[in-house]
Amino acid sequence: MTSDEGATWPEGVPPVGTVVRDTVKDRVGVVMAAIGGVVQLRPVKGGVEWDARPEDLQPLTDREKLSAQV
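Each residue is numbered by its place in its chain's sequence as written, counting from 1. This being a predicted model, a pLDDT of at least 70 is required before a residue's local features are given, and a value of 80 or more before pairs of side-chain atoms are given or counted; all residues contribute to the totals for chains, interfaces and linings. Excluding hydrogens and water, the side-chain values take into account all heavy atoms of the structure.

> Got a minute to help me understand the overall build of the protein chain in this structure?
Each helix is a run of DSSP H or I of at least 4 residues and each strand a run of E of at least 2, with the numbering of both proceeding from the N terminus. For the protein chain, the helix and strand inventory stands at one helix and five strands. From first element to last, N terminus to C terminus, the protein chain shows the α and β order β-β-β-β-β-α. Using a 1.4 Å probe on the protein chains alone, a residue whose accessible area is under 20% of its type maximum counts as buried, one over 50% counts as exposed, and one in between counts as partly exposed. When each of the 70 residues of the protein chain is scored for burial, the buried share is 29%. If you take every contact in the protein chain between residues at least 6 apart in sequence, the share linking residues at least 24 apart comes to 39%. Surface summary for the protein chain: the accessible area is close to 4500 Å², and the carbon and sulfur share equals 52%. When checking whether two residues touch, look at their non-hydrogen atoms; a contact exists if any pair is within 4.5 Å. For every accessible area listed, the method is Shrake-Rupley and the probe measures 1.4 Å; residues are considered covered only by the protein chains on display.

The following block contains the structure:
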């Protein structure tokens, strides 16, 4: 298990810059901001941001992070 696997975030919100999976949209994104109970994500390689609920996000393993960057 890596340091990120099974991680939980204080107050349920991942820090800015964290790479996560939106389990509802089945997309991987980087946390750009958390405003009013909504987390804004942007695709790893750039693009249009989308909103997600913190409870719908899960941390990626190191292997998943590498795969998302390729």
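> Is there a simple way to think about the nonpolar core in this case?
Proteins that are soluble and globular tend to have nonpolar side chains buried together. Put simply, a nonpolar core is a bunch of buried Ala, Val, Leu, Ile, Met, Phe, Trp, Tyr and Cys residues held in one set by side-chain atoms that sit within 4.5 Å of each other. Ranked by size, the top nonpolar core spans seven residues in total: V20, V31, V39, L41, W50, A52 and L57. Of all the secondary structure elements, the ones that give two or more residues to this core are β3 (38-43) and β4 (50-52). If near-sequence neighbours (up to four positions away) are discounted, A52 is found in contact with D22, V38, V39, L41 and L57.

> Any chance you could explain the pattern of salt bridges here in plain terms?
Note that side chains of opposite charge can pair when their charged atoms are close. Any carboxyl oxygen of Asp or Glu within 4 Å of a side-chain nitrogen of Lys or Arg constitutes a salt bridge here. Considering all chains together, one arrives at four salt bridges under this definition. We note a salt bridge from R53 to E55, for which the minimum N-O separation is 3.5 Å. A residue is classified by how much of its surface remains accessible, and R53, at 46% relative accessible area, is partly exposed. Note on E55: relative accessible area 55%, which makes it exposed. Among the ionic contacts, a cluster of salt bridges with common partners joins R53, E55 and D56.

> For this particular structure, what's the right way to read the side chain of T18?
Position of T18 relative to the elements: it lies in the segment before β1 (19-22). The buried category is assigned to T18, whose relative accessible area is 19%.

> Help me understand the environment of R53, please; the structure alone is not making it clear to me.
Inspection of the secondary structure puts R53 in the loop between β4 and β5 (57-59). Separated by 29 residues in the primary sequence, R53 and V24 place their C-alpha atoms 9.2 Å from one another. In protein, a polar contact means a hydrogen-donor-capable atom and an acceptor-capable atom, both N or O and within 3.5 Å, with residues adjacent in sequence counting only if both atoms are side-chain atoms; elsewhere, any N or O pair within 3.5 Å suffices. Looking at R53, its side chain comes within polar contact range of the side chain of D56, at 2.9 Å.

> Help me understand the pairing of β1 in this model?
Every regular strand shows the same layout, with side chains that alternate between the two sheet faces. Two strands are said to pair when DSSP picks up at least two bridges between them. Examined bridge by bridge, β1 and strand β2 (residues 27-35) share four bridges and lie antiparallel to one another. When the bridges of β2 are listed, V19 appears paired with V30. As consecutive antiparallel partners, β1 and β2 are separated by four residues, and within that stretch D26 has a phi angle of approximately 50°, a positive value. Where β1 and β5 come together, three bridges link them in antiparallel fashion. Residue pairing for β5: D22 is matched across the bridge by L57.

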